[in-house]
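Take a look at the letters that make up each chain.
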Amino acid sequence: MTISVGEQLPSGKLWMKTEDGVQEIDTDEFFANKKVVVFALPGAFTPTCSAKHLPGYVQHAQAFFDKGVDAIICLSVNDAFVMDAWGKDQKVDGKVMMVADGNADFSKALGLSMDVSARGMGIRSQRYSMLVENGVVKLLNVEEPGAFEVSGAETMLRAL
């Protein structure tokens, strides 16, 4: 079952590489009392993700912060080291948190995972964006498979 607008995010653990090593993020603690934009994608260094999805959020990060967003999370089913390397490659410079859901546990709990084993990629996240306020989903834009039409930064900005 896919999470819906108005529902509380599931409890879970995510991971992020910092200067101090890989840090665990407890979703209940992180999302409490914050307004967070989350966008998820199938994989780091993949064509649409690298050319369009992530760059839009990096480019418009300040506009999100100006609208009261506390954090922007890029979520992918990769490990924290890959997400960190991709963030450096994309010159994220701290504007977007590069967060790993390495085992797809959080993506599965959201009901937003997909099996692309037939293409050698295993279980991945669907492409989506969501606005979360105090742990509750306020807006959810899920892409059709292979599409990039509703989860980009510009669409999310217009909705804020």
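Below is a short write-up of the structure. All values derive from a computational prediction rather than experimental measurement. (Residues numbered from 1 in each chain as written. Predicted model: local features only at pLDDT ≥ 70, side-chain atom pairs only at ≥ 80, totals over all residues. Heavy atoms only, no water.)

Let us now look at the overall build of the protein chain. For the protein chain, the count of helices and strands is 6 helices and 9 strands. Dimensions of the protein chain, computed from C-alpha atoms along their principal axes, come out at roughly 40 × 35 × 30 Å. For the protein chain, the residues scored as buried account for 49% of the 160 residues in total. Long-range pairs, those at least 24 residues apart, make up 64% of the contacts in the protein chain between residues at least 6 apart in sequence. As displayed, the protein chain offers around 7800 Å² of accessible surface, 48% of which is attributable to carbon and sulfur atoms. (Helix = DSSP H or I, 4+ residues; strand = E, 2+ residues; numbered from the N terminus. Buried < 20%, exposed > 50% of the residue type's maximum accessible area, 1.4 Å probe, protein only. Contact = heavy atoms within 4.5 Å. Areas by Shrake-Rupley, 256 points an atom, 1.4 Å probe, with all protein chains shown as cover.)

To continue, consider a nonpolar patch on the surface. On the surface, Trp 15, Val 22 and Phe 81 cluster together into a nonpolar patch covering about 280 Å² of accessible area. Residue placement: Trp 15 occurs in strand β1 (residues 13-18). (Patch = residues over 30% accessible without salt bridge, like charges linked within 9 Å, V, L, I, M, F, W, Y side chains within 5 Å. Salt bridge = Lys/Arg side-chain N within 4 Å of Asp/Glu carboxyl O.)

Turning our attention to the environment of Glu 154. Looking at the element boundaries, Glu 154 is found in helix α6 (residues 153-159). Classification of Glu 154 by relative accessible area gives partly exposed; the value is 38%. Through-space distance from the C-alpha of Glu 154 to that of Tyr 57 is 8.3 Å; in sequence the pair is 97 residues apart.

This part covers the pattern of salt bridges. As enumerated under the stated definition, the model contains 3 salt bridges in all. Glu 24 is paired through a salt bridge with Lys 13; the nearest N and O atoms lie 3.7 Å apart. One end of the pair, Glu 24, is in strand β2 (residues 21-26); the other, Lys 13, is in strand β1, and 11 residues separate them in sequence. Judged by its relative accessible area of 37%, Lys 13 is partly exposed. Each of Lys 13, Glu 24 and Asp 26 takes part in salt bridges that share partners, so that together they form one network.

All right, on to the packing of aromatic side chains then. Within the structure shown, the criterion is met by 4 aromatic pairs. Ring plane angle 85° and centroid distance 5.3 Å describe the contact between Phe 30 and Phe 31, whose orientation is recorded as edge-to-face. On the accessibility criterion, Phe 30 (15% relative accessible area) is buried. Look at Phe 45 and Trp 86: their rings are 6.3 Å apart centre to centre, the planes differ by 45°, and that puts the pair in the tilted class. One end of the pair, Phe 45, is in the loop between β3 (35-41) and α2 (47-59); the other, Trp 86, is in helix α4 (residues 80-89), with 41 residues separating them in the sequence. The exposure class assigned to Phe 45 is partly exposed, which follows from its relative accessible area of 44%. (Phe/Tyr/Trp six-rings, centres within 6.5 Å; stacked < 30°, edge-to-face > 60°.)

Counting residues in each nonpolar core, the largest one holds 24 residues, and the members touching the most others are Leu 54, Tyr 57, Phe 64, Cys 74, Trp 86 and Val 96. Every element with two or more residues in this core is listed here: β3, α2, α3 (61-66), β4 (71-76), α4, β5 (97-100) and α6. Of all the elements, α2 adds the most residues to this core, at 4 residues. When near neighbours in sequence (up to four residues on either side) are disregarded, Tyr 57 contacts Val 37, Phe 39, Phe 64, Ile 72, Val 96, Ser 129, Ser 151, Gly 152, Ala 153 and Met 156. Among the nonpolar cores identified, the runner-up in size contains 23 residues, and Met 97, Val 99, Leu 110 and Tyr 128 belong to it. (Core = buried A, V, L, I, M, F, W, Y, C linked by side-chain atoms within 4.5 Å.)

This brings us to α4. Buried within α4 we find Ala 80, Met 83, Trp 86 and Gly 87. Buried residues of α4, viewed axially, fall in a sector of 125°; they line one side. Projecting away from the buried face of α4 at angles above 90 degrees are the exposed residues Phe 81 and Lys 88. Buried residues along α4 sit against β1, β2, β3, α2, β4 and β5. Of the residues that open α4, the one with a side-chain oxygen 2.8 Å from the backbone nitrogen of Phe 81 is Asp 79. Lys 91 sits one or two positions beyond α4 and adopts a positive phi of about 55°. (Arc of directions from axis to C-beta. Polar contact = N/O pair within 3.5 Å; in protein donor to acceptor, adjacent residues only side chain to side chain.)

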